[in-house]
Amino acid sequence: MRILVLAGGIGGARFLRGLQKAVGGDAADTAVTVIGNTGDDIHLFGLKVCPDLDTVMYTLGGGINEEQGWGRTDETFQVKSELAAYGVGPDWFGLGDRDFATHIVRTQMLAAGYPLSAVTEALCARWNPGVRLLPMSDDRVETHVAVEMDGERKVIHFQEYWVRLRASVPAEAVVPVGAEQAKPAPGVLEAIASADVILFPPSNPVVSIGTILAVPGIREAIAEAGVPVVGLSPIVGGAPVRGMADKVLAAVGVEATAAAVAQHYGSGLLDGWLVDTVDAGAVAEVEEAGIRCRAVPLLMTDVDAAAEMARRALELAEEVRT
């Protein structure tokens, strides 16, 4: 079975780890390809940083900081301290010493002319994540957020909105800058076309999955793939499981409910949708929108819980297929 997963950072990475456990005994007969969000990418200290790609790579490769869900385990921050001593910022984005090495290698390879997809493949050769990790595009795409601060409307990088401001001000608009001109990275459309099932993990539907779908050709290819497309709600009981997805959902006019997110994706894209058991009342509403829906536990409290979520997603895919 060929499984294609669209993934953001922490939620997508933890779901993928559960998926790997779920297919465990069938691993030899199962190939997982991941299309990773690059809209969160940012240039810091002259380096190209790809937070979501790295989170997937570190998580599946055994190098992630488990407690925080991003960055490296056993990390130190001497370089960050020295940069601060020179008065060089930003100081709100915490790159650790081990993490710096990844960004240095990536930036050197990009400067040498390698595309991001080739660089990602080279980095994964060290980590052996057990999946084929593809950036959504080799072209530069950066998610920006329009906000009003101190009586002035301005547009800031998503990382500044998410990390520095902690989404403390309303997002008036979310724009994946460069997406309209971007092309899917090599292998992306082929992976979609050859997939047996496509999964949307409980990643942010606006700035993670949504940004991937904003690259021309990807949404269309998924809609026309002719295979089950199943998503898992990132909203449980009217609130995000993790992070601040409700803030960016509001910016695109979508309620922070499991049913509203399913309708946001639409029946033209989704065939199946899993909601948490606390949102069982939303099942009928989702099905009225033309999307098969089931209520199951959706809290990734550990790897076993994530694996069970993955199993239920694959079961729903088979149900849709038949």
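Source: prediction; values computed, not measured.

(A) Representation of the overall build of the chain within the structure. Counting its secondary structure elements, the chain contains 13 helices and 14 strands. Over its C-alpha trace the chain gives a radius of gyration of 19 Å, about what one expects of a compact globule, namely 20 Å for 322 residues. By its C-alpha atoms, the chain is 60 × 50 × 35 Å across when sized along the principal axes. Per-residue burial over the chain gives 53% buried out of 322 residues.

(B) Examining the nonpolar core more closely. Within the largest apolar cluster, 59 residues are counted, with the highest numbers of intra-cluster contacts made by Leu 6, Tyr 161, Ile 198, Phe 200, Ile 222 and Trp 273. Broken down by element, this core gets its largest block of residues, 6 residues, from helix α11 (residues 258-265). In contact with Ile 198, other than residues within four places in its own chain, are Leu 4, Leu 6, Ile 192, Ile 222, Ala 225, Val 227, Pro 228, Val 229 and Val 230. If you look at the next biggest cluster of nonpolar residues, it comprises 39 residues, including Ile 3, Ala 13, Tyr 58 and Ala 313.

(C) Structural context of the side chain of Asp 276. You can see Asp 276 is positioned in the loop between β13 (272-275) and α12 (283-288). Summary of buried charges: Asp 276 has no salt-bridge partner, and the nearest side chain of opposite charge, Arg 312, is 10 Å away. A distance of 2.7 Å separates a polar atom in the side chain of Asp 276 from the backbone nitrogen of Leu 298. Among all residues touching Asp 276, those that are not within four sequence positions of it are Val 236, Ala 295, Val 296, Pro 297, Leu 298 and Leu 299.

(D) Spatial organisation of the environment of Ala 173. Within the secondary structure, Ala 173 sits in strand β8 (residues 173-177). Classification of Ala 173 as partly exposed rests on a relative accessible area of 21%. Through-space distance from the C-alpha of Ala 173 to that of Val 252 is 6.8 Å; in sequence the pair is 79 residues apart. The contact partners of Ala 173, leaving out residues within four places of it in the chain, are His 144, Val 145, Ala 146 and Ala 251.

(E) Focus on the packing of helix α1 (residues 10-23) against helix α2 (residues 51-61). Two elements in contact, α1 and α2, have axes separated by 9 Å at closest approach and are oriented at 35°. Viewed along their axes, α1 and α2 form a crossing whose handedness is right-handed. Contact residues: Ile 10, Ala 13, Leu 16, Arg 17 and Gln 20 in α1; Thr 55, Val 56, Thr 59 and Leu 60 in α2. Here the contact of α1 with α2 is built from residues that sort into 5 nonpolar, 3 polar and 1 charged.

(F) The arrangement of the sheet that holds strand β6 (residues 142-149) in detail. Taken in spatial order, the 3 strands of this open sheet run β7-β6-β8, and their pairing is antiparallel. Each of the sheet's edge strands pairs with one partner strand only, and the pair in question is β7 (152-157) and β8. When strand polarity is set aside, the average angle formed by the axes of neighbouring strands in this sheet is 30°.

(G) The packing of aromatic side chains, seen in detail. According to the stated counting rule, one finds 6 aromatic pairs in the structure shown. Summarising the aromatic geometry, the rings of Tyr 265 and Trp 273 are spaced 5.8 Å apart at their centres and angled 65° between planes, so their arrangement reads as edge-to-face. For the pair formed by Tyr 265 and Trp 273, the shared burial category is buried. Joined through ring pairs, the aromatic side chains of Phe 200, Tyr 265 and Trp 273 make up one cluster. Seen from the ring of Tyr 58, Arg 72 lies directly overhead, with NZ or CZ sitting 5.5 Å from the centre.

(H) Quick peek at the pattern of salt bridges. Tallied over the entire structure, the rule returns 14 salt bridges. We note a salt bridge from Arg 2 to Asp 196, for which the minimum N-O separation is 3.4 Å. Linking Arg 2 in strand β1 (residues 2-7) with Asp 196 in the loop between α7 (188-194) and β9 (197-200), this pair joins segments that are 194 residues apart in sequence. Classification of Asp 196 by relative accessible area gives partly exposed; the value is 22%. We note a salt bridge from Arg 321 to Glu 318, for which the minimum N-O separation is 3.1 Å. Here the residue Arg 321 and the residue Glu 318 both occupy positions in helix α13 (residues 303-321), the gap between them amounting to 3 residues, near one helical turn. Overall, the relative accessible area of 39% leaves Arg 321 in the partly exposed class.

Conventions and cut-offs
Residues numbered from 1 in each chain as written. Predicted model: local features only at pLDDT ≥ 70, side-chain atom pairs only at ≥ 80, totals over all residues. Heavy atoms only, no water. Helix = DSSP H or I, 4+ residues; strand = E, 2+ residues; numbered from the N terminus. Rg over C-alpha atoms; globule rule 2.2 N^0.38 Å. Buried < 20%, exposed > 50% of the residue type's maximum accessible area, 1.4 Å probe, protein only. Core = buried A, V, L, I, M, F, W, Y, C linked by side-chain atoms within 4.5 Å. Contact = heavy atoms within 4.5 Å. Lys, Arg positive; Asp, Glu negative; His and termini not counted. Salt bridge = Lys/Arg side-chain N within 4 Å of Asp/Glu carboxyl O. Polar contact = N/O pair within 3.5 Å; in protein donor to acceptor, adjacent residues only side chain to side chain. Axes fitted to C-alpha atoms, helices over the stretch in contact; angles between N-to-C directions. Left-handed = near helix turned anticlockwise from the far one by under 90°. Nonpolar A, V, L, I, M, F, W, Y, C, P; charged D, E, K, R; others polar. Pairing = 2+ DSSP bridges. Phe/Tyr/Trp six-rings, centres within 6.5 Å; stacked < 30°, edge-to-face > 60°. Lys NZ or Arg CZ within 6 Å of the ring centre and 35° of its normal.

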